[in-house]
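Take a look at the letters that make up each chain.
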Amino acid sequence: MTAGRAGPAKTKTVCLSHKEDTDGISSAALIRQAFGGSSVLVDYPGQMDALERIAADPELKSLYICDLGLSKKNQDGFVSTLGALRKRRVAVTYIDHHDLEPKIRRKLASLKVKLIHDVNECTTVQVYEKFKSKLDEHAPFIAACAAVTDYMEDRPAGSRLLAIYDRQFVLVSATVLTYNIVGHQKDPEFLQGLVEDLAASKYPHELDGSFQFAQTQTAKLADVMAKVRTGMKTMKNLGYMEIVDSGASGAVNFVLGFSGKDVGVAYKERVDHGIYAVSVRGSKSCKAHLGKITNELATSLGGFGGGHGKACGAAIPKPKIRAFLRELNKRLG
Ligand SMILES: [Mn+2]
């Protein structure tokens with residue numbers, strides 16, 4: 001081939017994954033162990049910008065996207081960006097377990113995006129099951145930790161992986177890992193290092209200061225718990241609370257538990273974005289699919305959102321938060 005016409009050689013492997021929890025970080029670690037390359041770690045609001053930046057690199061050869069669910073707001077842009085990559089013959093693999101609209105699934109299939117998607121197993125377990133021939137003996141442990149953290153250790157593959165290990169050993173490792181991830185959201189270097197350490201088959205207890213850090217996080221959560229007890233409010237079908245000095249996702253399970261309702265909502269202002277970051281959780285007896293309802297409501301209010309049946313999130317424009325709560329309460333009636 002003449003260099004002029006072929007453009008730069010395609011050599012780069014990139015994994016775009018979710019930075020906010022153990023499933024996303026662990027998916028990135030197993031992809032790195034199996035295929036090498038670099039990791040780009042994002043939250044939902046940053047997902048599309050990061051995808052565009054990765055796609056702009058003419059040297060991109062292979063892209064893995066992990067644990068990043070789509071919403072009505074971004075799904076069409078996601079499909080068109082992947083379409084452009086496929087035209088350049090970039091290999092694209094999308095591995096996820098969030099709700100995915102059938103029409104988007106069909107479009108991805110027609111683009112020959114490799115889709116690994118099962119709403120019944122966490123992303124890391126799916127990565128493990130698909131690529132285990134390229135992974136070492138430590139990988140199922142990482143996948144078991146991710147399954148526990150995503151409440152999916154009772155699923156067929158997740159439970160099989162958990163059963164390999166001592167349950168308490170996995171629980172304490174998964175929890176320490178999660179508290180270190182949640183407490184380092186504004187420290188991208190730490191998160192990158194964590195992906196590298198897990199890919200190098202290190203255990204959470206081998207990471208410097210990890211248990212100490214988890215202890216501090218646990219104490220902070222106890223403070224959050226006390227604040228939720230006094231600050232939480234209820235509507236007929238849900239409990240809710242605005243959080244000011246911690247993350248919404250750390251508080252939401254307390255809101256759910258203390259309210260005695262089947263749905264809990266915690267939200268925190270993102271001053272720089274003019275939105276509320278909203279976390280929603282459902283109890284075991286919650287019948288509604290909260291991810292689908294939240295996706296629809298958030299979109300109709302000019303925001304975006306989505307996720308799982310009993311755990312999801314949204315970004316809601318600041319003036320619309322009361323309307324979101326009212327409408328959600330109504331939809332749950
Ligand atoms: Mn997940």
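Remember, it's a predicted structure, so these values are computed and weren't measured experimentally.

Considering the domain arrangement of the protein chain
Then, in step 1: When cut into domains, the protein chain gives domain 1 (3-208) and domain 2 (221-331).
Then, in step 2: Across the contact, 10 residues belong to domain 1 and 14 residues belong to domain 2.

A few points about the sheet that holds strand 6 (residues 233-234)
Then, in step 1: One open sheet holds the 6 strands; their spatial order is 6-7-8-9-11-10, and the pairing between them is mixed. One side of each edge strand has no neighbouring strand; the edge strands of this open sheet are strand 6 and strand 10 (304-307).
Then, in step 2: Relative to strand 8 (residues 263-270), strand 7 (residues 239-242) runs parallel, the two being bridged by 4 bridges. Directly across from glutamate 242, in strand 8, lies its bridge partner tyrosine 267.

Notes on the UniProt feature "domain: DHHA1" (unreviewed entry) in the protein chain
Then, in step 1: In this numbering, the UniProt entry assigns the feature "domain: DHHA1" (unreviewed entry) to residues 249-332.
Then, in step 2: What you have in residues 249-332 is 39% helix and 32% strand, and the ends, taken at the C-alpha atoms, are 21 Å apart.

A word on the sheet that holds strand 2 (residues 38-42)
Then, in step 1: With respect to topology, 5 strands assemble into an open sheet ordered 2-1-3-4-5, the strand pairing being parallel. In this open sheet, the two edge strands, each paired with only one partner strand, are strand 2 and strand 5 (114-117). Neighbour to neighbour, the strand axes of the sheet diverge by 15° on average, direction disregarded.
Then, in step 2: As judged from the 5 bridges shared by strand 3 (residues 60-66) and strand 4 (residues 91-96), these two strands associate in the parallel manner. Bridging across to strand 4, tyrosine 64 finds its partner in threonine 93.

What counts and what doesn't
- Residues numbered from 1 in each chain as written.
- Predicted model: local features only at pLDDT ≥ 70, side-chain atom pairs only at ≥ 80, totals over all residues.
- Domains from an automatic or database assignment.
- Contact = placed C-beta atoms within 7 Å.
- Pairing = 2+ DSSP bridges.
- Helix = DSSP H or I, 4+ residues; strand = E, 2+ residues; numbered from the N terminus.
- UniProt positions renumbered as here; feature names shortened; annotations may be inferred.
- Axes fitted to C-alpha atoms, helices over the stretch in contact; angles between N-to-C directions.

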